[in-house]
Amino acid sequence: RRSAVDTASNAETLMVLWQQGFESGFMCLIASGVLSGLCGFGYVLEQGAFAPFVSQIIGACLLCAGCSICLQDLDSKGDLGTGLMLAGAVVSSGEGYLLARDYGWTSYHTFLFVGNLCFTLTHLILYLGREVLVTYRVIELRVGLLEVASGFAVLVACGFHPLGFGFSLRLFSGLAMIAAGICWSRDKLILMWQARGRPDQPGIII
């Protein structure tokens, strides 16, 4: 009987940890979207309304809207929220490709494109796994790790970018993406480490 109580308590603690990581990750992603949108807006003011920068702004707005919906009304609007996030990721990814097409595949544009690609894949997996998200409030581990990879690629791209207004905002946007991925992955990775070789422990949604 005590074992059953302990198992129930562990499961409850697990869900609380996942809920906290779920909410923190989305808030970090909203911060990343805001910074990315401001970065695009700054480029528009500086260089004009070119397609890559407009794409960045629209994508950031869609991403923030989707994250807000998921945080406020996941049960009835989870499909809409994750769908908007995916649309935002796809539109934002156009920035890296358009910049590379117009200005060449420099190190900066290549890593930015790779980051955009990882970001799109992240939110495609999140959208396809939205039933798990809505039912259990759990972000799949691979989504969190891909989010970290996306942010890391953006940081590497910043290493090839001249210092300035856009550099600072993009740098902090990448850091916020990494923070979101860590929030979504941290507890699962810790639990996987603690439960290694112990089949009685709760499973991790990969």
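Residues numbered from 1 in each chain as written. Predicted model: local features only at pLDDT ≥ 70, side-chain atom pairs only at ≥ 80, totals over all residues. Heavy atoms only, no water.

**Digging into the pattern of salt bridges**
Using the following cut-off: Think of a salt bridge as a Lys or Arg side-chain nitrogen and an Asp or Glu carboxyl oxygen that are within 4 Å of each other. Secondary structure follows DSSP: runs of H or I at least 4 residues long count as helices, runs of E at least 2 residues long count as strands, and numbering of each begins at the N terminus. We call a residue buried when its accessible area falls under 20% of the maximum for its residue type, exposed when it is over 50%, and partly exposed in between, using a 1.4 Å probe and counting protein chains only.
Taken as a whole and judged by the stated rule, the model has 4 salt bridges. Two residues, R170 and E95, come together in a salt bridge whose shortest N-O distance is 2.8 Å. Pair noted here: R170 is in helix α7 (residues 165–194) and E95 is in helix α3 (residues 74–103), with a separation of 75 residues, a long-range link. As far as the burial class goes, R170 and E95 line up, both buried. Note that R142 is salt-bridged to E140, the shortest N-O span being 2.9 Å. R142 sits in the partly exposed class, given a relative accessible area of 45%.

**Regarding the confidence of the model for the protein chain**
The predicted structure's coordinates, where accompanied by low pLDDT, should not be read in detail. The test is simple: Along the chain, pLDDT gives the predictor's confidence residue by residue, from 0 to 100.
Scored by pLDDT, the protein chain comes out at a mean of 84, with 84% of its residues at no less than 70. Here helix α1 (residues 2–47) is the element of the protein chain with the lowest mean pLDDT, 78, and helix α2 (residues 51–72) is the one with the highest, 93.

**Considerations on helix α6 (residues 141–158)**
Selection rule: Expected helix span is given by 1.5 Å per residue-to-residue step, counting one fewer step than there are residues.
Taking 1.5 Å of rise per residue, the 18 residues of α6 would be expected to cover 26 Å, and the 26 Å separating its terminal C-alpha atoms lies within 8% of that figure. All of the buried residues along α6 are L141, V143, G144, L146, E147, S150, G151, A153, V154, A157 and C158.

**As for the packing of aromatic side chains**
Heads up, the rule is: Only rings of Phe, Tyr and Trp enter the pairing, Trp through its six-membered ring, and a pair is recorded when the two centres are within 6.5 Å. The plane angle decides the type: under 30 degrees is stacked, over 60 is edge-to-face, the rest tilted. Each ring is checked for a lysine NZ or an arginine CZ that lies within 6 Å of its centre and within 35 degrees of its normal; such an atom marks a charge sitting over the ring.
As enumerated under the stated definition, the model contains 6 aromatic pairs in all. Look at F111 and F160: their rings are 5.8 Å apart centre to centre, the planes differ by 5°, and that puts the pair in the stacked class. Placement of F111 in helix α4 (residues 107–128) and of F160 in the loop between α6 and α7 is noted, with a sequence separation of 49 residues between them. With a relative accessible area of 46%, F160 lands in the partly exposed category. Three or more aromatic residues joined by ring pairs make a cluster, and in this case those are F22, F26 and W184. Directly above the aromatic system of Y127 lies the positively charged group of R130, at a separation of 4.1 Å from the ring centroid.

**A short note on the nonpolar core**
Note the following rule: Put simply, a nonpolar core is a bunch of buried Ala, Val, Leu, Ile, Met, Phe, Trp, Tyr and Cys residues held in one set by side-chain atoms that sit within 4.5 Å of each other. Should any heavy atoms of two residues lie within 4.5 Å, those residues are considered in contact.
F26, L29, M85 and I139 are the most contacted members of the largest nonpolar core, which has 23 residues in total. In contact with F26, not counting residues within four places along its chain, are C67, C70, L71, M85, I139 and W184. Residues C39, Y108, A157 and L169 belong to the second largest nonpolar core, which totals 9 residues.

**Here we look at the side chain of S92**
Quick note on the threshold: Contacts described as polar in this section are N or O atom pairs within 3.5 Å, which, within protein, must combine one atom able to donate a hydrogen with one able to accept it, while residues neighboring in sequence count only if both atoms come from side chains.
Along the polypeptide, S92 turns up in helix α3. Of note is the side chain of S92, whose polar atom sits 2.8 Å from the backbone oxygen of G88. Among residues more than four places away in sequence, those in contact with S92 are S55, Q56, G59, A60 and N116.

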